[in-house]
Amino acid sequence: MVGRFLLLLATLLALTLPARAQDFSALARYEPERSAITQQGGQTEITLGISQPVIYRVFLLAAPYRLVVDFREVNFGTSTPQELLGGADAITNLRWGAFRPGWSRMVAELDGPVRLVSSEERTEGETEIRIKLEPVPVEKFTPRKGAADSALWDLPQPAQVSNAHRRQDGARPLVVVLDPGHGGIDPGAEDGGTREADIVLGFARQLRDQLRRAGMTVVMTRDQDVFVPLETRVTVARAAGADLFVSLHADSIAEGQASGSSIYRLSDHAEDDATRKLVARHDRDDILAGVDLDGQGDQVAHVLVDLARRETQPRSLRLSQVLAGAIKGAGLHMHKHPVQGADFSVLKSPDIPSVLIELGFLSSPADRKRLQDPDWRARMAAAITRGIESWAQSDAAEAKLLRQ
Ligand SMILES: [Zn+2]
């Protein structure tokens, strides 16, 4: 007990030291050779070997049943969760990685309700975290509420926007929110040694610079390899007073030979099966990252959603069409359906025109090559910039007309 207290105190002291002093204490490393998942007498035990003690916490989530472990930053190196998972029946999926700056997360998807039998960090000798789980009837399952945000991390919350945002009419710089998809514990699609999260972040930075050169104000939902829940991405756009929201992706599609760029705007029904699978996978990525969906959507529910959407939907549709035209006009390869409807969560802001651009598909070797080609990226960023400029002009003209 005293040892635990001293450890906590030491860690707190380390946190308050200036950054330079912290450089001496190396990051905790995950040690795969001392880690295992074992099952015995109905219980499942997860042992994680780490190079030094870290602050951590464990909790359970429902729908689907998940175990979440948050740690002060742990470097997992090149070890994959699949190596640890092995043949443990009670755990159907495992993920880990960066969650918030300075924090790492592991999420184990469970095949049914469990209770936390024990959870301890052994700090004598080699450090390890041991977590024991046991199946319980569903009525005995006690998930934690509000897991996405916690006093454990001091994340600045986006400011509340009280006044309705005035529709842009060209009188001030356009505010664009760029949303590089995935990140941190959620790598997105992975194909041919490339991660969607990295590709879209690199491209978003390039596009941000182009848009700024064109005189626009740009806010990014993330500018590093961290996890951002889907709902937070929408909140960031509201807090920034966004005139438009552009989510950037480069997914994989298992079926068919999909290739080329495509633009999605919000629609209640996805127009084809591949798109439905894409949408489902994005929502699933959020769940696998340990987001608690309880109480989500309240923020948006207070807005006069339908009324706002009636005006915003046609503006989003025009934005997607103008962008598709600009990309095609630049001679860049487009998907056979360049503009599609789908109910991606990030497109659900009722009053901010929003689109999701699939820059290409990581599952297509040709697209993968293009996505990494500096020349292609520069041309794509220029085309999107032109598209946004031309949309903003006609959108501003319409705003003025409506006001008369
Ligand atoms: Zn994606």
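Residues numbered from 1 in each chain as written. Predicted model: local features only at pLDDT ≥ 70, side-chain atom pairs only at ≥ 80, totals over all residues. Heavy atoms only, no water.

**Focus on the packing of aromatic side chains**
- Summed over all chains, the structure comprises seven aromatic pairs.
- Ring centres of Tyr 30 and Phe 76 lie 5.4 Å apart, and the angle between their planes is 45 degrees; this geometry places the pair in the tilted category. Of this pair, Tyr 30 sits in the loop between strand S1 (28-29) and strand S2 (36-40) while Phe 76 sits in the loop between strand S6 (74-75) and helix H3 (81-85), placing them 46 residues apart in sequence.
- Here Tyr 30 falls in the buried class, since its relative accessible area comes to 7%.
- Considering the side-chain rings of Tyr 264 and Phe 344, the 5.3 Å spacing of their centres and the 80 degrees angle between planes classify their relative orientation as edge-to-face. A residue pair is termed long-range when its members are at least 10 positions apart, and Tyr 264 in strand S16 (residues 261-266) and Phe 344 in the loop between strand S17 (334-342) and strand S18 (354-358) qualify at 80 residues. In this pair, the class of Tyr 264 matches that of Phe 344, namely buried.
- Members of the aromatic cluster, joined through ring pairs, are Tyr 30, Phe 71, Phe 76 and Trp 96.
- Here the guanidinium or amino end of Arg 72 rests over the ring plane of Trp 103, the centre of that ring lying 5.0 Å away. (Phe/Tyr/Trp six-rings, centres within 6.5 Å; stacked < 30°, edge-to-face > 60°. Helix = DSSP H or I, 4+ residues; strand = E, 2+ residues; numbered from the N terminus. Buried < 20%, exposed > 50% of the residue type's maximum accessible area, 1.4 Å probe, protein only. Lys NZ or Arg CZ within 6 Å of the ring centre and 35° of its normal.)

**As for the pattern of salt bridges**
- Scanning the entire structure with this criterion turns up 30 salt bridges.
- We note a salt bridge from Arg 281 to Asp 251, for which the minimum N-O separation is 2.6 Å. Residue Arg 281 is found in helix H6 (residues 273-288), and its partner Asp 251 is found in the loop between strand S15 (244-249) and S16; the two are separated by 30 residues along the sequence.
- On the basis of relative accessibility, which here comes to 26%, the residue Arg 281 falls in the partly exposed class.
- On the basis of relative accessibility, which here comes to 0%, the residue Asp 251 falls in the buried class.
- Taken together, the shared-partner salt bridges connect Arg 95, Asp 186, Glu 196, Asp 251, Arg 281 and Asp 285 into one network. (Salt bridge = Lys/Arg side-chain N within 4 Å of Asp/Glu carboxyl O.)

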